[in-house]
Amino acid sequence: MGALPVFRWRLAPDGYATRRQLRAQGLRPGGQDVAAQLERPRRRRGPLVAYLYRVDLAKPVRPMTDAKRAALAKANAARRTCPQCRRDAGYVIPPSLGTCVPCAFPTPSDCPRSV
Ligand SMILES: [Zn+2]
């Protein structure tokens, strides 16, 4: 605990930002504690104090999570899957063909749909 540094409005030192300012930079506090307080002008209603966070401890709003990685891998797998025979072609289906190569140029042994 202990007293937080308090800065006058617009006199906050570099390296500190409000949650809103972090957000504008694509950042979020990222679980860090409030690092300082900012006294806001009394002209308007609202909180008289804003909380400041350290920019160097902030984290990107959308980090590459495992879930996102998996979703991307899945999307890539979908792009590799032939819409006609539903097989993973092992490469991204060429838009010019729209199917895997065996489907685009069928031979009886390669593509089950051509039987
Ligand atoms: Zn195919």
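Only a predicted model underlies this, so the values are computations on that prediction, with no experimental measurement involved.

S.K.: What should I look at first to understand the overall build of the chain in this one?
M.R.: When helices and strands are counted, the chain shows three helices and six strands. Counting helices and strands in the order they occur from the N terminus, the chain gives β-β-α-β-β-β-β-α-α. Across the 115 residues that make up the chain, the buried fraction comes to 17%. Within the chain, counting contacts between residues at least 6 apart in sequence, those at least 24 apart form 48% of the total. Approximately 8,900 Å² of the chain is accessible, and the part contributed by carbon and sulfur atoms is 53%.

S.K.: Please clarify how the coordination of the zinc ion should be interpreted in this entry.
M.R.: The textbook angles at a metal center are 109.5 degrees for a tetrahedron of four donors and 90 or 180 degrees for an octahedron of six. Cys82 (SG), Cys85 (SG), Cys100 (SG) and Cys103 (SG) make up the full set of protein donors to the zinc ion, lying at 2.1 to 2.4 Å. If you list the donors of the zinc ion from N- to C-terminus, the spacing comes out as C-x2-C-x14-C-x2-C. Taken together, the positions of Cys85 in the loop between α2 (66–80) and α3 (101–104) and Cys100 in the loop between α2 and α3 put the pair 15 residues apart, joining distant regions of the chain. Across the pair, exposure class does not vary: Cys85 and Cys100 are buried alike.

S.K.: Is there a simple way to think about the sheet that holds strand β2 (residues 16–18) in this case?
M.R.: Note: strands within a sheet are paired through backbone hydrogen bonds, in either parallel or antiparallel orientation. Strand order in this open sheet of four strands is β1-β4-β5-β2, and the pairing throughout is mixed. Each edge of the sheet is formed by a strand with only one pairing partner; in this case those strands are β1 (6–8) and β2. Taken over all neighbouring pairs, the strand axes of this sheet differ in orientation by 40 degrees on average, direction set aside. Across three bridges, the pairing between β1 and strand β4 (residues 36–39) is parallel. Bridged to Phe7 within β4 is Leu38.

S.K.: Where do I start with the environment of Leu38 in this structure?
M.R.: Tracing the backbone shows Leu38 in strand β4. Given a relative accessible area of 5%, Leu38 falls into the buried group. Note: C-alpha distance between Leu38 and Arg8 (30 residues apart in sequence) is 5.8 Å.

S.K.: Looking at this model, I keep getting lost on the pattern of salt bridges. Mind explaining?
M.R.: Close approach of charged atoms allows side chains with opposite charge to pair. All chains considered together, the criterion is met by three salt bridges. Where Arg54 meets Asp56, a salt bridge forms, and the shortest distance between an N and an O atom there is 2.8 Å. Classification of Arg54 by relative accessible area gives partly exposed; the value is 33%. A relative accessible area of 56% means that Asp56 is categorised as exposed.

S.K.: Is there a simple way to explain unusual backbone geometry in this structure?
M.R.: With the exception of glycine, the majority of residues adopt a negative phi angle, and the majority of peptide bonds are in the trans configuration. The backbone of Arg86 shows a phi angle near 65 degrees, a positive value even though the residue is not glycine. Along the chain, Arg86 falls in the loop between α2 and α3.

S.K.: Looking at this model, I keep getting lost on the side chain of Thr18. Mind explaining?
M.R.: Tracing the chain through its elements places Thr18 in strand β2. A relative accessible area of 13% places Thr18 in the buried class. Here Thr18 is in contact with Leu38, Ala50, Tyr51, Leu52 and Tyr53, once residues within four sequence places are set aside.

Reading guide: rules and limits
Residues numbered from 1 in each chain as written. Predicted model: local features only at pLDDT ≥ 70, side-chain atom pairs only at ≥ 80, totals over all residues. Heavy atoms only, no water. Helix = DSSP H or I, 4+ residues; strand = E, 2+ residues; numbered from the N terminus. Buried < 20%, exposed > 50% of the residue type's maximum accessible area, 1.4 Å probe, protein only. Contact = heavy atoms within 4.5 Å. Areas by Shrake-Rupley, 256 points an atom, 1.4 Å probe, with all protein chains shown as cover. Donors = N, O, S within 2.8 Å, 3.2 Å for Na, K, Ca; no water. Pairing = 2+ DSSP bridges. Axes fitted to C-alpha atoms, helices over the stretch in contact; angles between N-to-C directions. Salt bridge = Lys/Arg side-chain N within 4 Å of Asp/Glu carboxyl O.

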